[in-house]
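# Examination of the molecular architecture
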Amino acid sequence: MAAHLSYGRVNLNILREAARKELREFLDKCAGSKAIVWDEYLTGPFGLIAQYSLLKEHEVEKMFTLKGGRVPPADVKNIIFFVRPRLELMDIIAENVISEEKLPAPREAHILFVPRRSLLCEQRLKEQGVLNSFTNIDEYILDLIPYDGDLLSMESESAFRECYLENDQTSLFHTAKGLMTLQALYGTIPQIFGKGECARHVANMMLRMKREFAGSQNQILPVFDTLLLLDRNVDLLTPLATQLTYEVLSCDSDQCVQNGFKFAQKKPGEGGKDLPTEPKKLQLNSAEELYAEIRDKNFNAVGAALSKKAKIISAAFEERHNAKTVGEIKNFVSQLPHMQAARSSLANHTSVAELIKDITTSESFFDNLTVEQEFMTGVDTDKINTYIEDCIAQKDPLIKILRLVCMQSVCNNGLKQKVLDYYKREILQTYGYEHILTLNNLEKVGLLKPQTTTRNNYPTIRKTLKLWMEDANEQNPNDISYVYSGYAPLSVRLTQVLARPGWRSIEEVLKMLPGPHFEERQQLPSGLHKKRQQGENRTTLVFFLGGVTYAEIAALRFLSQMEDGGTEYIIATTKLINGTSWVKSLMDRPEAQIL
Amino acid sequence: MKESKRAVSSILVDDDDDDDDDDDDDVEKVSWSGEPVGTFSEASTRVYAPELRKPKSECKDYFSDWSPEETVKRMRKGKVYSLERFRSLQDKLLLLDEAVSAHDGNVITAVLIYLKKSLSKEIFFQELMVREIALRHYVHYLKEMEEQKTLVELMKLPFSQDDAIHVQDHYTLLERQIIIEATDKKGEAEIFKKFPRKASILNMPIITTLYYSCFYHYGESEGTFSSPANIRSTFRISEKQYILTALGARAKLKSWFDVDSLFNTKNWLGYTKKRSPIGFHRVVDILQKNNAPVQVLKDYVSLIDDAELKLSLAQKYKCHDIVIEMYRDLKDRQQLIVYQGKVERGSHEDRKIDQLLGNMQIRWKN
């Protein structure tokens, strides 16, 4: 039982248990002792579902990483490959199987495709002549993985690109299926709201899937009141902005998503502080008490929180002087492990905070942030920006440049042709002509495009939805804008308004954002309508199609714990993203392009 | 059992390349099991479609009645199906459209493979061109199967007019780089011996190429392929970019004279004056990064327009004369006294400050 999954309103342990059951059944199908050969990418998500202890219960004796050549020797009856449906992995498996069959006593081979089978992969195995060698080939439909008590992700890294660049809606199909699974476990969701083309598709698919099973009625009492489907392209600005919550800054970008992180290592010779030299890996989720407290805070508020905690912990340790009776001493001693864990956690986070501070107080970080905030408030978005020019001249990392120019474009509803041409030329000349493909992609998804009309709706949207809050209080926030020190994420604001007073009040603004907005109702069997108690909160599942940032997650959590908020949020998405990983997924190199 | 399996598989997806005896594979390939959504909470029995166990005669009647909708539904659910019955072009296209509207990637790909084998290339491509989603899937399939040739035929470069210019530039640049690389590789000139090349120039961006040219081929006539002047005009590099790049390269080589010439222009009276499309504070920055001596730095610090910036940079880089002069111009006696503490005792600057402080004619403001 993963304790952190049952905090909060919705017990995501149920989902996890269902996933574990599937896994157990498959393992039992391959009867006898076994060894698992892992696709490395899967170890993270699987770690969230099952620990080694569960696998051991089902006779898993050894675990190996998938690589070429032979599967290492192990005295087991079965070898099971846990892999994603990717062709290059099929070749490796074929190699493994062919060498295995040369052995005097070859072990039985099986494949478990995660999250689903693929015709192309099986065809590849057939071409390699090994398809027949497998006793069981199955798929493990792991669509929605519970990352925390209020967070689910499909970890589909190509979803945004497929939907918005390639017009491929397969990932939406799987999203719909994932939602059907969720409803099977947690009850039919009576109300569905959505904004965006993809949202519309997902809703349509869900309704159609429901119709296909018209006979069976779901008798589970609904846990969710509302489902809100949001297209990522309704709010392209938020993922581009530099995130300022502790969770994000403390993560080493890509490490975040595996729900643990390695300390960024300090450069040698600076500061003279002694910090851990090998990267330390911490399992971080809401189960770690201190982390749960500070993860969603704006970084500027973390220092104060840490010192407060330090005082509390010191005071607790001082208690030993007050313990006089045997009973009191015993009590103190029993608390010790907890206090020591707390102290060690404090030490870790303090080190991390110091590392982050070095970055956030640097001139370049500050300059970058200033320009971002200028764009967000509509300052000079129609001119060539000198800071960006300078960064290009200094050959700063390309992703940084792309994020900034895209931000300017989004805040200006497209750039003047002259300005766009200028940026494009500078970028191509400085970083290479091959990036023309990436620039094309960015234009296709609407991130970096020429102005088509002279009308820029962004200032209107910003004013109506109050996206820029002048005096954002980072220490004791009263509004979601604290996550970006003044900018309230558009997506979260839309969510907030939906709950109260409702989208009818912002019809005009909604029309300015891309894609249709809609509402659907799903019939519940009679007698299952929830009777809400006085003051009981509604539960809304917010599904971000195309990715969600940790800042948006922090903002939604903030809304959940607001005194008279009225709604608690569970967040789901196709992928947990940050600005860097998101823009990277849209980049193309010529080698990857068949020309 | 095996006989009926083989019989059934012979009326399943028509695989023209099927001259091997992998009949069992056909069966496994097409009927992957999948649970209907919604029965998650029930026992997960992964069973092959029971139809497989029926003898051939029964199955035959079964298949022929399935419409495109039915067929696609069966494919999605992992049940046995047959695509062979869709013979006419119209039927095949209906099948494809139905598959596309179902959104399941595996299903779409399976139908595409069938169509590819059972239609002429011209017609197949033609129909794909007007079906964007199907086309995308097919491109993805070709990429995965590494069928480059087919893909090249299919794809047309989707570049706009402006982008076409960039693409042309790219080719021109590569050609140029190949020529330069061929000569420079031998590394005969003095400069290559003093500063050996760290990497080949091929595939480098244009600005990097320009830098390289300013470093190794500065001063060559515009006629040669490797000269900075030629590169600048061929690739229409802006004055700003050119000066920035040339500055970096010449500063690295400590050719202060060359650096100086970059900023010389003649005004209408014929006098030389200094001009820069980039702020002189940037010039100072770049020079300083290349370890330019103070004598060189101070010439450029003195050209900075913004007084505050000028003062702070002069202090930062210890251009004492400039600082002293500025304080004198600002008539700020206090600061001058403070600054005197920072210069070396008895030095030329020290005496200069003394002189100024002793000057009765200056109306100090403090």
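Residues numbered from 1 in each chain as written. Chains lettered and ligands numbered in written order. Predicted model: local features only at pLDDT ≥ 70, side-chain atom pairs only at ≥ 80, totals over all residues. Heavy atoms only, no water.

The name given to chain B in an unreviewed UniProt entry is Spermatogenesis-defective protein 39 homolog, with the source organism recorded as Electrophorus electricus.

For clarity, the cut-off: UniProt positions are given in the numbering used here, feature names are shortened, and annotations may be inferred rather than shown by experiment.
Going by the annotation in an unreviewed UniProt entry, the name recorded for chain A is VPS33A core subunit of CORVET and HOPS complexes, with Electrophorus electricus given as the source organism. If you open the UniProt record of chain A and go to Sequence similarities (unreviewed entry), you find "Belongs to the STXBP/unc-18/SEC1 family."

### Focus on the overall build of chain A
The cut-off we apply is this: Under the DSSP-based scheme used, a helix requires at least four consecutive residues in state H or I and a strand at least two consecutive residues in state E, with every element numbered from the N terminus. Partly exposed describes any residue whose relative accessible area lies between the buried limit of under 20% and the exposed limit of over 50%, with all areas from a 1.4 Å probe on protein chains only and scaled to the type maximum. Throughout, a contact is declared for two residues whenever any of their heavy atoms are within 4.5 Å.
On a plain count of helices and strands, chain A comes out with 23 helices and 16 strands. Expressed as a percentage of its 595 residues, the buried residues of chain A come to 57%. For chain A, the share of sequence-separated contacts (at least 6 apart) that also reach a separation of at least 24 residues comes to 79%.

### Points about the layout of surface pockets
Here is the rule we go by: Here a cavity denotes a set of grid points, spaced 1 Å apart and computed over the protein atoms alone, in which a 1.4 Å probe fits but from which it cannot get out, and a pocket denotes an open set meeting protein on both sides within 12 Å along at least five of seven lines; residues with an atom within 4 Å of a point are reported as lining. Grid points are joined across faces, edges and corners, and a volume is the space filled by probe spheres set on the points. Gly falls in the polar group here, along with every residue not listed as nonpolar (Ala, Val, Leu, Ile, Met, Phe, Trp, Tyr, Cys, Pro) or charged (Asp, Glu, Lys, Arg).
There is about 1,500 Å³ of room inside the second largest pocket. Elements supplying a minimum of two residues to the lining of the second largest pocket: α14 (363-376) and α15 (386-393) of chain A together with α12 (206-216), α14 (239-252), α16 (280-289) and α18 (307-316) of chain B. Per-class residue counts for the lining of the second largest pocket are 18 nonpolar, 11 polar and 13 charged.

### Looking at the confidence of the model for chain B
Residues and elements named next belong to chain B. Stated precisely, the cut-off is as follows: As a per-residue measure, pLDDT tells how confident the predictor is, with possible values from 0 to 100.
With 77% of its residues at a pLDDT of 70 or more, chain B shows a mean pLDDT of 76. Per-element confidence in chain B ranges from a low mean pLDDT of 32 for helix α2 (residues 23-30) to a high of 94 for α12. Considering only residues more than four positions removed or in separate chains, one finds that residues 1-61, a stretch of pLDDT under 50, has 96 contacts. The ipTM, which scores confidence in the relative placement of chains, is 0.70 for this predicted complex, and the corresponding pTM is 0.75.

### A look at the pattern of salt bridges
Residues and elements named next belong to chain A. Short version of the rule: Salt bridges are identified by distance alone: a Lys or Arg side-chain nitrogen within 4 Å of an Asp or Glu carboxyl oxygen.
Applying the stated criterion to the full structure yields 44 salt bridges over all chains. One salt bridge in this structure joins Glu 108 and Lys 77, with 3.9 Å as the shortest N-O distance. Residue Glu 108 is located in strand β4 (residues 108-113), and its partner Lys 77 is located in the loop between β2 (60-65) and β3 (78-83); the two are separated by 31 residues in the primary sequence. Since its relative accessible area comes to 44%, Lys 77 is described here as partly exposed. Salt-bridge contacts for Asp 380 lead to Lys 383; the nearest nitrogen and oxygen are separated by 3.0 Å. Judged by relative accessible area, Asp 380 falls into the partly exposed class, the value being 43%. What makes Lys 383 partly exposed here is its relative accessible area of 44%.

### Observations regarding the side chain of His 217 of chain B
All names here are of chain B. Assignment of secondary structure puts His 217 in the loop between α12 and α13 (228-234). The class for His 217 is buried, based on a relative accessible area of 8%. Excluding its chain neighbours within four sequence positions, the residues that come into contact with His 217 are Ile 180, Asp 184, Phe 192, Tyr 212, Ser 226, Ser 227 and Pro 228.

### What to know about the state of the cysteines
All names here are of chain A. How we decide: Put simply, a disulfide is two cysteine sulfurs that come within 2.5 Å.
For the coordinates displayed, the defined rule picks out 0 disulfides over all chains. As a non-bridged cysteine, Cys 121 has Cys 30 as the owner of its nearest cysteine sulfur, 18 Å distant. Assessed through its relative accessible area of 1%, Cys 121 is described here as buried.

### Observations concerning a nonpolar patch on the surface
Cut-off, in case you're wondering: Only residues whose relative accessible area exceeds 30% and that form no salt bridge enter a patch; like-charged residues are grouped when within 9 Å of one another, and nonpolar side chains (Val, Leu, Ile, Met, Phe, Trp, Tyr) when within 5 Å. Note on areas: these come from Shrake-Rupley sampling with a 1.4 Å probe, and a residue is covered only by the protein chains present in the view.
Taken together, the side chains of Trp 268, Leu 269 and Tyr 271 of chain B present a nonpolar region at the surface, about 470 Å² in accessible area. With respect to the helices and strands, the residue Leu 269 of chain B is situated in the loop between β1 (264-266) and β2 (272-274).

### Side note on the packing of helix α4 (residues 87-101) of chain A against helix α5 (residues 119-127) of chain A
The packing of two helices is summarised by the inter-axis angle and the distance between the axes. Residues and elements named next belong to chain A. What counts is decided by this rule: In this description, a line fitted to the C-alpha atoms serves as the axis of each element, helices being fitted only across the stretch in contact, and the angle between N-to-C directions of two axes falls anywhere from 0 to 180 degrees. For classification purposes, angles smaller than 35 degrees are called roughly parallel, those larger than 145 roughly antiparallel, those between 65 and 115 roughly perpendicular, and all remaining angles oblique. Each helix crossing is assigned a hand: it is left-handed if the near helix lies turned anticlockwise from the far helix by less than a right angle, otherwise right-handed if that turn is clockwise.
Put simply, α4 and α5 touch, their axes get as near as 9 Å, and they point 30° apart. One finds that α4 runs roughly parallel with respect to α5. Between α4 and α5 lies a crossing of right-handed hand. Facing Leu 87, Met 90 and Asp 91 of α4, the residues of α5 in contact are Leu 120, Cys 121, Arg 124 and Leu 125. By residue class, the composition of the contact of α4 with α5 is 5 nonpolar, no polar and 2 charged.

### Quick look at the sheet that holds strand β7 (residues 151-153) of chain A
Residue and element names in this part refer to chain A. Our working rule: For two strands to be treated as a pair, DSSP must find no fewer than two bridges joining them.
Spatially, 7 strands are ordered β6-β7-β15-β13-β9-β8-β12 in an open sheet, and the strand pairing comes out mixed. Every interior strand has two partners, whereas the edge strands, β6 (145-148) and β12 (517-521), have only one. For this sheet, the mean inter-axis angle between neighbouring strands, taken without regard to orientation, is 20°. Alignment of strand β9 (residues 226-231) against strand β13 (residues 538-545), held across 6 bridges, turns out to be parallel. Considered in β13, the bridge of Leu 229 is made with Phe 543.

### Some remarks on the sheet that holds strand β5 (residues 134-139) of chain A
All names here are of chain A. On the basis of which strands lie adjacent, the open sheet formed by 5 strands has the order β2-β1-β3-β4-β5 and parallel pairing. This sheet does not close on itself; its edge strands, each paired only once, are β2 and β5. For this sheet, the mean angle separating the axes of adjacent strands, direction not counted, is 20°. Together, β1 (34-38), β2, β3, β4 and β5 form the strand contacts of helix α1 (residues 13-29), whose direction differs from that of β3 by roughly 145°. Along the sheet face, helix α2 (residues 40-49) touches β1, β2 and β3 and points at about 110° away from the line of β1.

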